[in-house]
Structures are given as structure tokens and as C-alpha cells.
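Each chain is listed here by its residues.
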Amino acid sequence: MRRYRYLLAFTITLSTLVSFQLTGWLSFATVVYAFGILPLLELILPPESTNLSKPEEEVFAKDKIFDFFILLAAFSQFSLFVYFLVNVSQLRPDDVTFWGRSLSFGVHTGVMGINVGHELGHRTEKWMQRIAMGLLSTSLYAHFYIEHNFGHHKNVGTPYDPSTARYNESVYIFWIRAVFTGIRSAYRIQLDILRRRKLPFNSRHNLFLMLSAIQIALISIVYGIFGWIGVLGFLTSAITGFLLLETVNYIEHYGLARKMVSERRYEDVNVTHSWNSNHIIGRSVLFELSRHSDHHENPHRKYQILKHFDQSPQMPTGYPGMMLLTLIPPLWFSIMNKKIKILNGNFQGRAAVQA
């Protein structure tokens, strides 16, 4: 049954399809499910920290059913993207149903678009990386592929990382900083790649430029087929999706820092530089994203074999509940700052990244 628990992710797809059939406040079905029902379940169910045995890990790593699940999730995002545009373009923006369905699909975009795009973006197969870029384009956040893979994983836990939330930095300030500095970082990373390869800015190898052009073309196509209402729905779902991503980034690295080992070098990334969650509902729905500590130490490890480490900082609940907690900064600080002070006492010489 461990193989099939990831089918829980498709309850997000099911709830989104339901929201497309409902009207009024009922059309917020996915929002209620993701941030009402799931956090409640995670408060009731205990975390599960056991790892696969070595023989199980070898079998799971080669089992193609896990690739099937992740590719099916990608298919669900692409399919619902089209269905959503057809559906929402028939509504009026002064109708609460328009916003309920747009936000519901935005949650789906965050889970099945950006999160699955993140997983596929770490695969070594080029065709999977292209699917990842396509998924990220449905949230107008394709630059994430560049910044995350070539910036975040290198700079996590340092002041140079847009995605590391600083100590005492609220999620609202973090959203603004992370979104704009993330785009700038992706642009600069791409320029550095072009310079090293001695290629001009307008080269076909300029991935930042290509992805930007694809997203502009996508908005134009949506406008041409579905009109300005379709574009408004698309922008609403996209913004919802990438703000969910940045909220996840916020909870994953809040206040954690890598120690400087010389004037120019930080310690290597290890499993103490990310907050971890073993709550089984969030792990299943998000394809093990919440076992984030292992992901950062081993970024190419497939989701189904990510591990728990006792030395990793542990969140008090799962991702859905932690994301809700960020929306009340005083409550977030009162809980998480205490944990950081305890961690800093355990890891002498480490200071939190300051806001």
C-alpha cells in the first residue's frame, strides 16, 4: 500500500473538478479541502518517520509506477488548465463563483503544477525537464526552473538565496522579496551561463528568454481564445499558485542558516538546513516534498525514496497547517523562533539569517 498512498494527491484534482461544478461559496471546494480538511487530518494523525529498508529502497527507486503517478499528475494539470479556461471564461468577475473556481484551480496549480514541476525539474531526462518547464508556465513562474536548480540549491541558507526566509521576516514581506529577487536571480544566472559558454544574449540557448517568450505567448493565446475574462482567471490562478510555492519556501527554510567556514565559503548543505515534516497526509499529497531536508542534501533522489533524519529540524505539523500558521506572523514567530533558539543551542556557532 505504500506505493498507492500517492494517489491521495489526486484528491486535489477531484476537489477541483467538483469546484468547477459548484456555484457560489461552494466553488471554493479545493481551498476548503486543502486548508481546512487536510490540516485537521494532520493534527489528528501522528507523523510517520520510518524509512524504507535498503532492499525496499532499491526496489522503489526502480519501480516505474512512481514515475507513472508523477506524470499522471502532470497530465491532470495540463488537462484541467484547458478545462478551467473554458469553464471560467463563461463567468463574470462580479460573480463569487469566478473567484472560487479561479482560487481552487490556483491550489491545483500549486500542487500538481509547480510541485510536480519541481520534482520533474530535478530529473536527469531532458524530456522530463521540458514537462517541468511546461507545468511551471501554467503558473507563469517558469523562471523557477533556473533559479531553483542553479541558484537555490547552491545558495540555500545564505543571504544570497531569495527563497530562504530570514529570522523575524513575515511571510508577506517574504512574498514580495522572493518573487522579485527570484526573477532577478534567474536572469543573472542565465547571463552567467551564457558568458561562460561565450554565447550572445539572443542565443537560442538563453533559457530565461525562451521561457519568458513562451509565457507571453501563452497569455496572448488565452486572450485570443478566451478573452480578457479568461486572462483574469489565468492570472488569478497563476498568482495563487506561485504564492503557495513561496509560502512553502518560507516554511521550508525559515530562519535556518549555513555557517561560514572561511571568508568566502559556507559549509556544505546538509540535512540541518531545511525544516522537515513527516506528517503522512502532506507527504502523500505533495509527493514527499515535506521530506525536504533529504531533498536538499540529495537533490536528484526521487521522491519515493526520500529519507527522514533525526538531526533534521522538525515542523510541529504538516505543510497545510504550517502554511496557515504563516498567515498570522505573531503566532508563527512565537512558535518557530523558540524552535530556532533551541536549534542554535544545539548547533553551536550557527546564527539565523536575519531580516
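Predicted, not measured: the structure shown is a model, and the values here were computed from it.

Novice: Describe empty space enclosed by the protein, listing the residues and the values that go with them.
Specialist: Under the counting rule described, the total for this entry stands at 7 cavities of 30 Å³ or more. Of the volumes computed, that of the largest cavity is approximately 310 Å³. What lines the largest cavity is a set of 25 residues, and nearest its centre among them are G110, V111, V248, L286 and M323. Ranked by the residues each element gives to the lining of the largest cavity, the list is headed by helix α5 (residues 96–121), at 6 residues. Of the residues assigned to the lining of the largest cavity, the class counts are 17 nonpolar, 7 polar and 1 charged.

Novice: Could you give an account of the packing of helix α4 (residues 65–88) against helix α9 (residues 207–253), naming the residues involved and the relevant values?
Specialist: Where α4 meets α9, the closest approach of the two axes is 9 Å, and the angle between their N-to-C directions is 90 degrees. When the interaxial angle is binned, α4 and α9 end up roughly perpendicular. Contact residues: F81, F84, L85, V86 and V88 in α4; L218, V222, F226, I229, G230, G233, F234 and S237 in α9. Its residues assigned to classes, the contact of α4 with α9 shows 10 nonpolar, 3 polar and no charged.

Novice: Describe in detail the side chain of S27, supporting the description with residues and values.
Specialist: Inspection of the secondary structure puts S27 in the loop between α1 (10–21) and α2 (29–44). Within polar-contact distance, the side chain of S27 engages the backbone oxygen of G24 at 2.6 Å. Residues within four places of S27 in sequence aside, it is in contact with S19, L22, V96, T97, G100, R101 and S104.

Novice: Tell me about the nonpolar core, residues and numbers included.
Specialist: In terms of nonpolar packing, the biggest core is built from 54 residues, with V116, Y250, Y254, F287 and W332 touching the most fellow members. Sort the elements by how many residues they give to this core and α4 lands first, with 6 residues. Sequence-distant contacts of W332, defined by excluding residues within four places in its chain, comprise Y250, I251, Y254, M322, L325, T326 and N337.

Novice: So what's going on with the packing of α2 against helix α12 (residues 319–326)? Which residues, and what values?
Specialist: The interhelical angle for the contact between α2 and α12, taken along N-to-C directions, is 120 degrees, at an axis separation of 7 Å. Crossing hand, α2 versus α12: left-handed. Mapping the contact onto sequence places A34, F35, L38, P39 and E42 in α2 and Y319, P320, G321, M323 and L324 in α12. Tallied by class, residues from the contact of α2 with α12 come to 8 nonpolar, 1 polar and 1 charged.

Novice: Would you mind going over the UniProt feature "transmembrane region" (unreviewed entry) in the chain in detail, with residue names and values included?
Specialist: Here, UniProt's "transmembrane region" (unreviewed entry) annotation points to residues 65–86, 207–226 and 232–251. Between the end C-alpha atoms of residues 65–86 the distance is 31 Å, and the span holds 100% helix and 0% strand. In residues 207–226, helix accounts for 100% and strand for 0%; the two terminal C-alpha atoms are 28 Å from one another.

Conventions we followed
Residues numbered from 1 in each chain as written. Predicted model: local features only at pLDDT ≥ 70, side-chain atom pairs only at ≥ 80, totals over all residues. Heavy atoms only, no water. 1 Å grid on protein atoms, 1.4 Å probe; cavity = no way out; pocket = protein on both sides within 12 Å on 5 of 7 lines; lining within 4 Å. Points joined across faces, edges and corners; volume = space filled by probe spheres on them. Helix = DSSP H or I, 4+ residues; strand = E, 2+ residues; numbered from the N terminus. Nonpolar A, V, L, I, M, F, W, Y, C, P; charged D, E, K, R; others polar. Axes fitted to C-alpha atoms, helices over the stretch in contact; angles between N-to-C directions. Parallel < 35°, antiparallel > 145°, perpendicular 65-115°, else oblique. Contact = heavy atoms within 4.5 Å. Polar contact = N/O pair within 3.5 Å; in protein donor to acceptor, adjacent residues only side chain to side chain. Core = buried A, V, L, I, M, F, W, Y, C linked by side-chain atoms within 4.5 Å. Buried < 20%, exposed > 50% of the residue type's maximum accessible area, 1.4 Å probe, protein only. Left-handed = near helix turned anticlockwise from the far one by under 90°. UniProt positions renumbered as here; feature names shortened; annotations may be inferred.

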